[in-house]
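Chain residues, written in single-letter form:
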Amino acid sequence: VPAVARDLVDYLNDSWTAHHATSASVAMLERAGYEKLSEYDEWTHLKPGGKYYVTRNMSAVVAFAVGGAYVPGSGFNIIAAHTDSPCPKLKPVTKIKKGGFLNVGVQTYGGGLWHTWFDRDLSVAGRVLVKRGATMKHELVRIDRPIIRIPTLAIHLDRNVNTDGFKPNTETQFAPILATAIKGELEGQVTKDGQSHHALLLAVLAEELGCAPDDIADFELNVCDTQPSVIGGAAREFIFSGRLDNLASSYCAVRALLEATSDADLAKQSRVHMVALFDNEEVRSSSFYCGALPMMFDSLMLTTTA
(Lines give C-alpha, C1' and ligand atoms only; values in the text may rest on other atoms or scores of the structure.)
Protein backbone atom coordinates (compact mmCIF):
# COMPACT_ATOMS: atom_id res chain seq x y z
CA VAL A 1 0.00 0.00 0.00
CA PRO A 2 1.51 3.38 -0.94
CA ALA A 3 2.61 5.48 2.00
CA VAL A 4 0.51 8.41 0.75
CA ALA A 5 -2.63 6.25 0.96
CA ARG A 6 -1.88 5.33 4.57
CA ASP A 7 -1.20 8.98 5.32
CA LEU A 8 -4.57 9.95 3.80
CA VAL A 9 -6.33 7.35 5.95
CA ASP A 10 -4.65 8.78 9.05
CA TYR A 11 -5.80 12.26 7.99
CA LEU A 12 -9.38 11.03 7.54
CA ASN A 13 -9.36 9.40 10.97
CA ASP A 14 -8.12 12.63 12.51
CA SER A 15 -10.76 14.73 10.70
CA TRP A 16 -14.17 13.84 12.10
CA THR A 17 -15.36 17.45 11.72
CA ALA A 18 -14.37 20.58 9.79
CA HIS A 19 -12.68 21.83 12.96
CA HIS A 20 -10.65 18.65 13.29
CA ALA A 21 -9.79 18.66 9.56
CA THR A 22 -8.45 22.19 9.94
CA SER A 23 -6.41 21.10 12.97
CA ALA A 24 -5.00 18.12 11.04
CA SER A 25 -4.12 20.37 8.09
CA VAL A 26 -2.41 22.88 10.38
CA ALA A 27 -0.37 20.06 11.93
CA MET A 28 0.88 19.09 8.44
CA LEU A 29 1.76 22.70 7.67
CA GLU A 30 3.60 23.32 10.91
CA ARG A 31 5.66 20.15 10.53
CA ALA A 32 6.78 21.60 7.20
CA GLY A 33 7.80 24.91 8.75
CA TYR A 34 4.78 27.06 7.95
CA GLU A 35 4.32 30.08 10.22
CA LYS A 36 0.94 31.01 11.71
CA LEU A 37 -0.44 34.46 10.93
CA SER A 38 -3.24 36.36 12.64
CA GLU A 39 -5.91 38.31 10.80
CA TYR A 40 -5.69 40.88 13.59
CA ASP A 41 -2.06 41.75 12.77
CA GLU A 42 -0.44 43.56 9.85
CA TRP A 43 1.41 41.14 7.60
CA THR A 44 4.39 43.40 7.10
CA HIS A 45 7.02 40.73 7.62
CA LEU A 46 6.12 38.51 4.66
CA LYS A 47 9.13 37.85 2.43
CA PRO A 48 10.18 35.75 -0.57
CA GLY A 49 10.89 32.22 0.57
CA GLY A 50 8.43 32.52 3.48
CA LYS A 51 5.73 29.96 4.31
CA TYR A 52 2.57 31.04 6.12
CA TYR A 53 -0.97 30.06 7.07
CA VAL A 54 -4.01 31.70 8.65
CA THR A 55 -7.14 30.10 10.11
CA ARG A 56 -10.66 31.39 10.61
CA ASN A 57 -13.32 29.97 12.97
CA MET A 58 -11.01 26.98 13.63
CA SER A 59 -12.68 25.42 10.57
CA ALA A 60 -11.07 27.11 7.54
CA VAL A 61 -7.43 27.65 6.62
CA VAL A 62 -5.49 29.47 3.91
CA ALA A 63 -1.83 28.51 3.49
CA PHE A 64 0.70 29.97 1.07
CA ALA A 65 4.40 29.96 0.25
CA VAL A 66 6.12 32.89 -1.46
CA GLY A 67 8.64 31.93 -4.12
CA GLY A 68 12.19 33.08 -3.52
CA ALA A 69 12.16 34.88 -6.88
CA TYR A 70 8.72 36.39 -6.41
CA VAL A 71 8.06 40.00 -7.37
CA PRO A 72 4.62 41.69 -7.34
CA GLY A 73 2.73 40.64 -10.45
CA SER A 74 4.39 37.25 -10.80
CA GLY A 75 1.10 35.49 -10.08
CA PHE A 76 -0.41 32.79 -7.84
CA ASN A 77 -1.05 29.06 -8.14
CA ILE A 78 -4.14 28.27 -6.05
CA ILE A 79 -6.03 25.11 -5.06
CA ALA A 80 -9.34 25.38 -3.18
CA ALA A 81 -11.30 22.69 -1.36
CA HIS A 82 -13.52 22.42 1.72
CA THR A 83 -13.27 20.88 5.16
CA ASP A 84 -16.95 20.15 5.87
CA SER A 85 -18.99 17.07 4.94
CA PRO A 86 -22.69 16.15 5.17
CA CYS A 87 -23.70 14.94 8.62
CA PRO A 88 -26.31 15.36 11.35
CA LYS A 89 -25.47 18.28 13.63
CA LEU A 90 -26.73 18.71 17.18
CA LYS A 91 -29.42 21.36 17.53
CA PRO A 92 -29.09 24.31 19.94
CA VAL A 93 -31.61 22.48 22.13
CA THR A 94 -30.97 18.73 21.99
CA LYS A 95 -32.91 17.45 25.01
CA ILE A 96 -35.64 15.01 23.92
CA LYS A 97 -37.26 12.43 26.16
CA LYS A 98 -39.88 10.02 24.84
CA GLY A 99 -40.90 6.41 25.33
CA GLY A 100 -38.57 6.01 28.31
CA PHE A 101 -35.47 6.99 26.32
CA LEU A 102 -33.15 10.00 26.23
CA ASN A 103 -32.82 11.18 22.63
CA VAL A 104 -30.58 13.85 21.13
CA GLY A 105 -32.12 16.40 18.79
CA VAL A 106 -30.22 16.78 15.50
CA GLN A 107 -30.64 18.56 12.19
CA THR A 108 -29.33 17.50 8.80
CA TYR A 109 -26.41 19.43 7.31
CA GLY A 110 -25.60 19.26 3.61
CA GLY A 111 -26.85 16.80 1.02
CA GLY A 112 -26.38 13.57 2.93
CA LEU A 113 -27.50 9.99 2.28
CA TRP A 114 -29.41 9.98 5.56
CA HIS A 115 -30.54 6.34 5.44
CA THR A 116 -26.88 5.30 5.79
CA TRP A 117 -26.72 6.80 9.29
CA PHE A 118 -29.15 4.28 10.76
CA ASP A 119 -27.92 1.29 12.80
CA ARG A 120 -24.35 2.55 13.08
CA ASP A 121 -22.10 3.08 16.09
CA LEU A 122 -22.23 6.86 16.43
CA SER A 123 -20.62 9.48 18.61
CA VAL A 124 -20.12 13.26 18.68
CA ALA A 125 -17.21 15.58 17.95
CA GLY A 126 -16.68 19.27 17.34
CA ARG A 127 -15.93 22.46 19.23
CA VAL A 128 -16.89 23.32 22.80
CA LEU A 129 -16.81 26.67 24.61
CA VAL A 130 -15.33 25.86 28.03
CA LYS A 131 -14.78 27.99 31.10
CA ARG A 132 -11.18 27.65 32.29
CA GLY A 133 -10.71 29.73 35.39
CA ALA A 134 -11.59 33.32 34.55
CA THR A 135 -11.47 32.81 30.77
CA MET A 136 -13.60 31.12 28.12
CA LYS A 137 -11.85 28.96 25.54
CA HIS A 138 -12.90 27.12 22.39
CA GLU A 139 -11.57 23.56 22.51
CA LEU A 140 -11.88 20.57 20.21
CA VAL A 141 -13.58 17.48 21.56
CA ARG A 142 -14.08 13.99 20.19
CA ILE A 143 -15.73 11.07 21.96
CA ASP A 144 -14.09 8.00 20.43
CA ARG A 145 -16.50 5.44 21.84
CA PRO A 146 -20.03 4.94 20.43
CA ILE A 147 -22.53 6.74 22.67
CA ILE A 148 -25.55 7.20 20.40
CA ARG A 149 -27.45 5.21 17.78
CA ILE A 150 -30.28 5.80 15.31
CA PRO A 151 -32.15 2.49 15.19
CA THR A 152 -34.46 1.15 12.49
CA LEU A 153 -37.61 -0.82 13.25
CA ALA A 154 -37.74 -4.61 13.19
CA ILE A 155 -39.14 -5.97 9.92
CA HIS A 156 -42.48 -7.02 11.47
CA LEU A 157 -43.08 -3.40 12.48
CA ASP A 158 -42.31 -2.10 8.96
CA ARG A 159 -43.51 -4.84 6.62
CA ASN A 160 -43.38 -2.79 3.41
CA VAL A 161 -39.88 -1.35 3.78
CA ASN A 162 -38.39 -3.72 1.18
CA THR A 163 -41.05 -2.90 -1.44
CA ASP A 164 -41.85 0.74 -0.70
CA GLY A 165 -38.33 1.80 0.26
CA PHE A 166 -36.86 3.29 3.42
CA LYS A 167 -37.99 6.91 3.65
CA PRO A 168 -37.19 8.20 7.13
CA ASN A 169 -38.56 11.47 8.41
CA THR A 170 -35.46 13.33 9.56
CA GLU A 171 -37.45 15.42 12.04
CA THR A 172 -39.36 12.64 13.82
CA GLN A 173 -37.28 9.49 13.23
CA PHE A 174 -33.71 10.74 13.20
CA ALA A 175 -33.02 11.68 16.83
CA PRO A 176 -30.29 9.31 18.12
CA ILE A 177 -30.82 7.38 21.36
CA LEU A 178 -28.39 8.35 24.12
CA ALA A 179 -29.60 6.18 27.01
CA THR A 180 -32.69 4.93 28.80
CA ALA A 181 -34.30 7.52 31.04
CA ILE A 182 -34.02 5.27 34.09
CA LYS A 183 -30.30 4.64 33.49
CA GLY A 184 -29.68 8.37 33.29
CA GLU A 185 -31.36 8.84 36.65
CA LEU A 186 -29.51 5.90 38.24
CA GLU A 187 -26.23 7.43 37.07
CA GLY A 188 -27.21 10.56 38.93
CA GLN A 189 -27.36 12.61 35.75
CA VAL A 190 -30.71 14.33 36.22
CA THR A 191 -31.34 17.20 33.83
CA LYS A 192 -32.11 20.49 35.53
CA ASP A 193 -35.25 22.43 34.68
CA GLY A 194 -34.64 24.73 31.75
CA GLN A 195 -31.48 22.92 30.65
CA SER A 196 -31.10 22.63 26.87
CA HIS A 197 -29.17 19.34 26.88
CA HIS A 198 -29.30 16.07 28.76
CA ALA A 199 -27.08 16.12 31.84
CA LEU A 200 -25.67 12.75 30.78
CA LEU A 201 -24.45 14.17 27.46
CA LEU A 202 -22.80 17.10 29.23
CA ALA A 203 -21.19 14.70 31.71
CA VAL A 204 -19.66 12.65 28.87
CA LEU A 205 -18.28 15.79 27.23
CA ALA A 206 -16.96 17.10 30.54
CA GLU A 207 -15.18 13.83 31.26
CA GLU A 208 -13.40 14.01 27.90
CA LEU A 209 -12.50 17.68 28.34
CA GLY A 210 -11.40 17.33 31.96
CA CYS A 211 -13.80 19.95 33.27
CA ALA A 212 -17.04 20.16 35.24
CA PRO A 213 -20.33 19.90 33.27
CA ASP A 214 -21.28 23.38 34.43
CA ASP A 215 -18.10 24.75 32.81
CA ILE A 216 -19.46 23.89 29.35
CA ALA A 217 -21.03 27.12 28.09
CA ASP A 218 -21.92 26.06 24.54
CA PHE A 219 -20.90 23.70 21.76
CA GLU A 220 -21.02 23.00 18.03
CA LEU A 221 -21.08 19.23 17.62
CA ASN A 222 -21.48 16.81 14.72
CA VAL A 223 -22.78 13.27 14.86
CA CYS A 224 -19.88 11.08 13.67
CA ASP A 225 -19.47 7.43 12.69
CA THR A 226 -16.93 5.73 14.95
CA GLN A 227 -16.03 3.13 12.32
CA PRO A 228 -12.48 4.05 11.29
CA SER A 229 -11.29 4.77 7.77
CA VAL A 230 -9.23 1.85 6.44
CA ILE A 231 -7.42 0.48 3.42
CA GLY A 232 -9.82 -2.16 2.07
CA GLY A 233 -10.49 -4.61 -0.72
CA ALA A 234 -8.95 -8.01 -1.36
CA ALA A 235 -6.08 -6.34 -3.21
CA ARG A 236 -5.88 -3.43 -0.75
CA GLU A 237 -6.78 -1.00 -3.54
CA PHE A 238 -9.68 0.90 -1.94
CA ILE A 239 -10.13 3.40 0.85
CA PHE A 240 -13.26 2.69 2.87
CA SER A 241 -14.25 5.91 4.60
CA GLY A 242 -16.86 8.55 5.16
CA ARG A 243 -16.13 12.23 4.50
CA LEU A 244 -14.18 11.52 1.31
CA ASP A 245 -16.08 14.47 -0.15
CA ASN A 246 -14.17 16.68 0.28
CA LEU A 247 -11.40 15.64 2.66
CA ALA A 248 -9.60 13.71 -0.06
CA SER A 249 -9.24 16.98 -1.98
CA SER A 250 -8.27 18.86 1.19
CA TYR A 251 -5.52 16.37 1.99
CA CYS A 252 -4.23 16.26 -1.59
CA ALA A 253 -4.19 20.06 -1.76
CA VAL A 254 -2.10 20.42 1.40
CA ARG A 255 0.14 17.53 0.39
CA ALA A 256 0.72 19.10 -3.04
CA LEU A 257 1.55 22.44 -1.45
CA LEU A 258 4.10 20.88 0.88
CA GLU A 259 5.74 18.82 -1.87
CA ALA A 260 6.03 21.90 -4.11
CA THR A 261 7.51 24.16 -1.45
CA SER A 262 10.51 22.46 0.04
CA ASP A 263 13.09 25.09 0.93
CA ALA A 264 15.29 24.17 -2.03
CA ASP A 265 12.43 24.21 -4.55
CA LEU A 266 10.80 27.36 -3.18
CA ALA A 267 14.00 29.38 -3.48
CA LYS A 268 13.91 28.99 -7.29
CA GLN A 269 10.23 29.77 -7.80
CA SER A 270 8.75 33.08 -8.88
CA ARG A 271 5.09 32.56 -7.92
CA VAL A 272 3.07 32.24 -4.73
CA HIS A 273 1.61 28.77 -4.10
CA MET A 274 -1.63 28.85 -2.11
CA VAL A 275 -4.21 26.41 -0.71
CA ALA A 276 -7.59 27.54 0.63
CA LEU A 277 -9.74 25.08 2.60
CA PHE A 278 -13.16 26.57 3.33
CA ASP A 279 -15.99 25.55 5.67
CA ASN A 280 -19.74 25.51 4.87
CA GLU A 281 -19.40 24.54 1.20
CA GLU A 282 -21.99 21.82 1.81
CA VAL A 283 -24.75 24.37 2.42
CA ARG A 284 -23.48 27.15 0.10
CA SER A 285 -23.70 29.60 2.98
CA SER A 286 -22.43 33.14 3.28
CA SER A 287 -20.64 32.57 6.57
CA PHE A 288 -17.44 34.53 7.00
CA TYR A 289 -15.35 31.36 6.62
CA CYS A 290 -16.94 29.84 3.50
CA GLY A 291 -15.85 30.01 -0.14
CA ALA A 292 -18.32 32.79 -0.98
CA LEU A 293 -16.57 35.25 1.34
CA PRO A 294 -13.25 36.97 0.54
CA MET A 295 -10.99 35.13 3.00
CA MET A 296 -8.74 33.87 0.21
CA PHE A 297 -8.79 37.18 -1.67
CA ASP A 298 -7.93 39.06 1.53
CA SER A 299 -4.87 36.83 1.80
CA LEU A 300 -3.99 37.47 -1.86
CA MET A 301 -4.18 41.22 -1.38
CA LEU A 302 -2.18 41.22 1.86
CA THR A 303 0.48 39.02 0.31
CA THR A 304 0.98 41.26 -2.71
CA THR A 305 1.13 44.43 -0.61
CA ALA A 306 3.33 43.12 2.20
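For the structure, check the block above.
Draft legend 1. Geometry of a nonpolar patch on the surface. Judged by side-chain polarity, V230, F238 and F240 come together as a nonpolar surface patch covering roughly 270 Å² of accessible area. Considering the arrangement of structural elements, one finds V230 in strand β11 (residues 230-232).

Draft legend 2. Spotlight on the side chain of N57. For N57, the location among the structural elements is in the loop between β2 (51-56) and β3 (60-66). Polar contacts involving the side chain of N57 include one to the side chain of S59, which spans 2.8 Å. A polar contact is formed between the side chain of N57 and the side chain of R127, at a distance of 3.1 Å.

Draft legend 3. Structural detail: helix α5 (residues 199-209). Most of α5 sits out of view: 9 of its 11 residues are buried. Residues of α5 that are buried: A199, L200, L201, L202, A203, V204, L205, A206 and L209. Looking at the packing, one finds that the buried side of α5 touches β5 (87-98), β7 (122-132), β8 (135-142), β9 (177-180) and β10 (216-225). Once α5 ends, the next one or two residues include G210, with phi positive near 70°.

Draft legend 4. Summary view of the nonpolar core. L90, L205, I216 and F219 are the most contacted members of the largest nonpolar core, which has 34 residues in total. At the level of elements, β5, β6 (101-109), β7, β9, α5 and β10 are the ones that each hand at least two residues to this core. Looking at this core element by element, the count peaks at 7 residues for α5. If we skip the residues at most four places from it in the chain, L90 touches V104, G105, V106, Q107, V124, L201, F219, L221, N222 and V223.

Draft legend 5. Molecular detail of unusual backbone geometry. Put simply, D245 and N246 share a cis peptide bond, and its omega is 15°. Secondary-structure assignment places N246 in helix α6 (residues 244-260). Positive phi outside glycine occurs at M58, with the angle close to 60°. Take M58: it is sitting in the loop between β2 and β3.

Draft legend 6. Region of the structure containing the pattern of salt bridges. Scanning the model with the defined rule gives 10 salt bridges in all. With a closest N to O distance of 2.6 Å, D225 and R120 form a salt bridge. Note that D225 is positioned in strand β10 and R120 in the loop between β6 and β7, a separation of 105 residues in sequence. Overall, R120 belongs to the partly exposed group, its relative accessible area being 29%. By sharing partners, the salt bridges in this structure join D7, R255 and E259 into a single network.

Draft legend 7. Representation of α6 in the model. Its 17 residues give α6 an end-to-end C-alpha distance of 23 Å, which sits within 8% of 24 Å, the value for a rise of 1.5 Å per residue. Considered for burial, the residues of α6 that qualify are N246, L247, S250, Y251, A253, V254, L257 and L258. Each buried residue of α6 sits inside an arc of 160° when the element is viewed along its axis, so together they form one side. Buried-residue contacts for α6 involve α1 (3-14), α2 (18-31), β3, β4 (76-82) and β13 (272-278).

Draft legend 8. Focus on the packing of aromatic side chains. Counted under the stated rule, the structure contains 8 aromatic pairs. Taken together, a centroid distance of 5.4 Å and an interplanar angle of 55° make the contact between Y11 and Y251 tilted. Here the residue Y11 occupies a position in helix α1, and Y251 occupies one in helix α6, the gap between them amounting to 240 residues. For Y251, a relative accessible area of 2% gives the class buried. Here Y52 and F64 contribute two aromatic rings whose centre-to-centre distance is 5.5 Å and whose plane-to-plane angle is 40°, an arrangement assigned as tilted. In this pair, Y52 sits in strand β2 while F64 sits in strand β3, placing the two residues 12 residues apart along the sequence. The residues Y52 and F64 share a single accessibility class, namely buried. Members of the aromatic cluster, each reached through a chain of ring pairs, are W114, F118, F166 and F174.

Parameters at a glance
Residues numbered from 1 in each chain as written. Predicted model: local features only at pLDDT ≥ 70, side-chain atom pairs only at ≥ 80, totals over all residues. Heavy atoms only, no water. Patch = residues over 30% accessible without salt bridge, like charges linked within 9 Å, V, L, I, M, F, W, Y side chains within 5 Å. Areas by Shrake-Rupley, 256 points an atom, 1.4 Å probe, with all protein chains shown as cover. Salt bridge = Lys/Arg side-chain N within 4 Å of Asp/Glu carboxyl O. Helix = DSSP H or I, 4+ residues; strand = E, 2+ residues; numbered from the N terminus. Polar contact = N/O pair within 3.5 Å; in protein donor to acceptor, adjacent residues only side chain to side chain. Buried < 20%, exposed > 50% of the residue type's maximum accessible area, 1.4 Å probe, protein only. Contact = heavy atoms within 4.5 Å. Core = buried A, V, L, I, M, F, W, Y, C linked by side-chain atoms within 4.5 Å. Expected span 1.5 Å × (residues − 1). Arc of directions from axis to C-beta. Phe/Tyr/Trp six-rings, centres within 6.5 Å; stacked < 30°, edge-to-face > 60°.

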